[in-house]
2 protein chains.
Amino acid sequence: MQLKKQFGKRVQQLRHAKKITQEELAEQVGVSIESISNIERGIHGPSFDNLEKIMTALGVPAKKLFEFDE
Amino acid sequence: MQLKKQFGKRVQQLRHAKKITQEELAEQVGVSIESISNIERGIHGPSFDNLEKIMTALGVPAKKLFEFDE
DNA sequence: CCAAATACGAAGTCTAGCTTCGTTAATGAC
DNA sequence: GTCATTAACGAAGCTAGACTTCGTATTTGG
């Protein structure tokens, strides 16, 4: 509930840091751009398999995706 | 692929540290004992909603669940 | 040895992650 | 102030995989 939103914001932060678009991230992860949009807005979280691909695409270990600065 | 196994082992570590059984964890998360068993063995990962409940049940922040040693 | 805890298979259910289509609204470059 | 790119958002349907139940090993610790 809370977690999906925090996670989404974190993905967006790291994506901006990497200076890539949602579309580019979507391609690398292998999902649609809408799915990335939904993840970043906290509509839904990624599957575990896609979580792993997001890590790889953003070039960060899993724990970095769950480090929220409040 | 890799992530689910690492995550499963981490859950087991933290569950042992809390000295609770799979059954007790299952109750608190609201899933069956087999589901916890499958998660710990890396058969499948939890949904994002259940990930949040696992955090709560184990009393750790999300990032702790993704801190794998070595 | 015994009991509790966990692993494991198979087979089926169901949720939520994901898709496509379509529209609107920011953002920013020129 | 227009144009193109990026991203937000809805709705409606599909589908993978998360989850269940049943049943039987196997492991662990007392």
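Shown above is the structure to which this text applies.
Given the structure is predicted, the values throughout are model-derived calculations rather than measurements.

Draft legend 1. Examining the protein's contact with DNA strand D more closely. Inspection of the region around DNA strand D gives 19 residues, with A:T21, B:V31, B:S32, B:S35 and B:H44 positioned closest. Contributions of two or more residues to the surface near DNA strand D are made by α2 (22-29), α3 (33-40) and α4 (48-58) of chain A together with α3 (33-40) of chain B. At three residues, the largest contribution of residues to the surface near DNA strand D is made by α3(A). Split into classes, the residues belonging to the surface near DNA strand D amount to three nonpolar, ten polar and six charged.

Draft legend 2. Quick peek at the nonpolar core. Within the largest apolar cluster, 27 residues are counted, with the highest numbers of intra-cluster contacts made by A:V11, A:I54, A:A57, B:V11, B:I54, B:A57 and B:L65. Setting aside chain neighbours within four positions, we find A:I54 in contact with A:V11, A:V29 and A:P46.

Draft legend 3. A look at the packing of helix α2 (residues 22-29) of chain B against helix α4 (residues 48-58) of chain B. Residues and elements named next belong to chain B. Direction vectors running N to C along α2 and α4 enclose 120°, while the axes themselves pass 9 Å from each other. Relative to α4, the element α2 lies oblique. The way α2 lies across α4 gives a crossing that is right-handed. Across from L25, Q28 and V29 in α2, the residues of α4 making contact are N50, K53, I54 and A57. Here the contact of α2 with α4 is composed, by residue class, of four nonpolar, two polar and one charged.

Reading guide: rules and limits
- Residues numbered from 1 in each chain as written.
- Chains lettered and ligands numbered in written order.
- Predicted model: local features only at pLDDT ≥ 70, side-chain atom pairs only at ≥ 80, totals over all residues.
- Near = placed C-beta within 6 Å.
- Helix = DSSP H or I, 4+ residues; strand = E, 2+ residues; numbered from the N terminus.
- Nonpolar A, V, L, I, M, F, W, Y, C, P; charged D, E, K, R; others polar.
- Core = buried A, V, L, I, M, F, W, Y, C linked by C-beta atoms within 7 Å.
- Buried ≥ 20, exposed ≤ 12 C-beta atoms within 10 Å, placed from the backbone.
- Contact = placed C-beta atoms within 7 Å.
- Axes fitted to C-alpha atoms, helices over the stretch in contact; angles between N-to-C directions.
- Parallel < 35°, antiparallel > 145°, perpendicular 65-115°, else oblique.
- Left-handed = near helix turned anticlockwise from the far one by under 90°.

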